[in-house]
Amino acid sequence: MLDIKYIRENPDIVKEGIRNKNEKESVDEILKLDKERREILQLAEELKAKRNKVSQEIGKQKKAGENADDVMAEMKSVSNEIKDLDTKVREVEIKLNEMLLWVPNLPHESTPIGKSAEDNVEVKQWLPEGFSFENEEPVLDHLELGKKFGILDFERGAKITGSGFPVYLGKGATLERALINYMLDIHLADHGYKEVIPPLFVNRDAMVGTGQIPKLEDDMYYVEKDELYAIPTAEVPITNLHQNEMIPEKDLPIKYVGYTACFRREAGSYGKDSKGFLRVHQFNKVEMVKLVKAETSYDELEKLVVDVEDILQALKIPYRILELCSGDLSFAAAKCYDIETWSPAENKWLEASSCSNFEDFQGRRANIRFKREETKKNEFVHTLNGSGLATSRLMVSILENYQTPEGKIIVPKVLQKYTGFDVIG
């Protein structure tokens, strides 16, 4: 959430930032409600001051044995007016807060301005030694490989649940589990994160806190009877661990990592990109979350990207890094890098990770603060998160890039001690 004071003092900057994100802009209406709220508050405060002053005079009159009935009747009228104003200000505040929840975070000044994904900027490409984009042998895609070796079954997943819910079988299930465990171990041992196993369902406040609601509410799975949402990413429960808390400054930065299944209703509506792991309603992801001070947040974003790169380089998977333009940023992000892995069968890059800095946008919504020891002032934390990594797209790249002309799949060397085997097939 943006600070209403910032919107009030910088309306043109806010309007431009919203437009650069391709979002609907309602700054003037917000400022109108804000002005109305402040005017009502001022009038109510003036009446309360008058009531307090006259109440003291009534006390003096009564003490002196004088009749204060007329003044008391007038003050009763004033009290009723104050009550009406308090009710009205609450109504205006509710409307104002609802509108503020729809205002996106503004792009950071370093974020490229653009309208769509076509305007994203490639900042790096990493290829394993000996890698070539040209394949001498025919390449099977991950669906064909999954069927050939009996390690993936999307048809049975659709039978028992619906499309977009994969089933991992045999060595496919073992490989998936190995990949998750490997990524967790690296983030814990080498990158200094603290492991979390959070709930897979959260309440509405948690979804509002990280910015999924109200903007993306229709994309969430919702259990109406219990008023709970299935998480679209571990970012939601992990960030909200500190909802409505004051964190000691000495505890910052806080770095969490956690594995969860993730659930998204919007999958499957993307035409040709909806087959297999390219679009799923349920997938596995290892998520990194940071809570930091403002002055370090952009350094922490760069470190977040390096943490992802360490995993991909160890797996020897080709990848590239994109700096997202303003029009392709998520609702809550101020700056974001996407890390994409190469699919030889699809002959294109697939998003496997996003690393975002939300600045104080989520901290303000979730009311996560810390107190500066030097100034004794309370400040909202800056939050960041990054996929470290989502396994669905990464599994596509592993299976396709590690297939051999002999018709087998080599298990990446760093995963072999987790799988107990080095070949599928």
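The shown structure was predicted, so the numbers you read here are calculated from the model rather than taken from an experiment. (Residues numbered from 1 in each chain as written. Predicted model: local features only at pLDDT ≥ 70, side-chain atom pairs only at ≥ 80, totals over all residues. Heavy atoms only, no water.)

1. Points about the nonpolar core
Counting residues in hydrophobic clusters, the biggest one holds 52 residues, and the most contacted among them are Leu315 and Leu394. Contact partners of leucine 315, with chain neighbours within four places excluded, come to Leu179, Tyr182, Leu394, Ile398, Tyr402, Pro412, Val414 and Leu415. In terms of nonpolar packing, the next biggest core, distinct from the first, is built from 42 residues, Val78, Leu106, Val236 and Leu322 among them. (Core = buried A, V, L, I, M, F, W, Y, C linked by side-chain atoms within 4.5 Å. Buried < 20%, exposed > 50% of the residue type's maximum accessible area, 1.4 Å probe, protein only. Contact = heavy atoms within 4.5 Å.)

2. Some details on the sheet that holds strand 12 (residues 368-371)
A sheet is described by the order of its strands in space; here three strands give the open sequence 6-12-13, paired in mixed fashion. Sheet topology places strand 6 (245-248) and strand 13 (378-380) at the edges, where each strand pairs with a single neighbour. Averaged over neighbouring strand pairs, the angle between their axes works out to 40° when direction is ignored. As defined by bridge partners, strand 12 adjoins strand 13 across three bridges and the pair is classed as antiparallel. Across the sheet, arginine 369 pairs through a bridge with phenylalanine 380, a residue of strand 13. (Pairing = 2+ DSSP bridges. Helix = DSSP H or I, 4+ residues; strand = E, 2+ residues; numbered from the N terminus. Axes fitted to C-alpha atoms, helices over the stretch in contact; angles between N-to-C directions.)

3. Points about the packing of aromatic side chains
This structure, assessed with the given rule, holds 11 aromatic pairs. Plain terms: the ring middles of phenylalanine 131 and phenylalanine 133 are 5.0 Å apart, the flat faces sit at 85° to each other, and that makes the pair edge-to-face. Their ring planes at 55° and their centres at 6.5 Å tell us that phenylalanine 165 and tyrosine 221 sit as a pair that is tilted. Taken together, the residues span a long stretch of sequence, with phenylalanine 165 in the loop between helix 6 (154-160) and helix 7 (170-189) and tyrosine 221 in the loop between helix 8 (204-210) and strand 4 (222-223) at a distance of 56 residues. Residue phenylalanine 165 is classed as buried on the basis of its relative accessible area of 14%. By relative accessible area, tyrosine 221 is classed as partly exposed at 26%. Pairwise contacts between aromatic rings join Phe131, Phe133, Trp342 and Trp349 into one cluster. Against the face of phenylalanine 421 rests lysine 171, its NZ or CZ located 4.6 Å from the ring centre. Here lysine 255 stacks its cationic end above the ring of tyrosine 193, 4.6 Å away from the centre of that ring. (Phe/Tyr/Trp six-rings, centres within 6.5 Å; stacked < 30°, edge-to-face > 60°. Lys NZ or Arg CZ within 6 Å of the ring centre and 35° of its normal.)

4. Re the side chain of glutamine 212
By secondary structure assignment, the location of glutamine 212 is in the loop between helix 8 and strand 4. Aside from chain neighbours lying at most four places away, what touches glutamine 212 is Met207, Glu217, Met220, Pro232, Thr233, Glu235 and Val236.

5. Description of unusual backbone geometry
With an omega of 15°, the peptide bond between isoleucine 213 and proline 214 qualifies as cis. Inspection of the secondary structure assignment puts proline 214 in the loop between helix 8 and strand 4. Residue glycine 388 is joined to leucine 389 through a cis peptide bond whose omega torsion reads 10°. Note on placement: leucine 389 falls in strand 14 (residues 382-390). Even without glycine at this site, asparagine 22 takes up a positive phi of about 60°. Within the fold, asparagine 22 resides in the loop between helix 2 (11-20) and helix 3 (27-63). Its identity is not glycine, yet asparagine 244 carries a phi of approximately 60°, on the positive side. Locating asparagine 244 in the fold gives a position in the loop between helix 9 (235-239) and strand 6.

6. Here's the deal with helix 12 (residues 391-401)
Judged by how many residues are buried, helix 12 sits mostly within the fold: 10 of 11 residues are covered. All of the buried residues in helix 12 are Thr391, Ser392, Arg393, Leu394, Met395, Val396, Ser397, Ile398, Leu399 and Glu400.

7. Observations regarding the state of the cysteines
Counted according to the given criterion, the structure contains zero disulfides. Cysteine cysteine 325 is unpaired, with the sulfur of cysteine 336 as its nearest cysteine sulfur at 11 Å. On the basis of relative accessible area, cysteine 325 is assigned to the buried category, the value being 0%. No disulfide involves cysteine 355; its sulfur sits 7.2 Å from that of cysteine 336, the nearest cysteine. (Disulfide = S-S within 2.5 Å.)

8. Describing the sheet that holds strand 9 (residues 319-323)
Two pairing modes exist for strands in a sheet, parallel and antiparallel, and in both the strands are linked by backbone hydrogen bonds. A sheet is described by the order of its strands in space; here eight strands give the open sequence 1-9-10-11-14-8-7-2, paired in mixed fashion. The open sheet terminates on both sides in strands that have one partner only, identified here as strand 1 (121-126) and strand 2 (194-195). Of the strand pairs in this sheet, strand 7 (residues 254-263) and strand 8 (residues 282-292) are connected by 10 bridges, and their pairing is antiparallel. Bridged to cysteine 262 within strand 8 is phenylalanine 283. Helix 10 (residues 297-315) contacts strand 1, strand 8, strand 9, strand 10 (335-343), strand 11 (348-357) and strand 14 of the sheet and is inclined by roughly 10° relative to strand 14.

Don't take any of this as a statement about function, it's just geometry.
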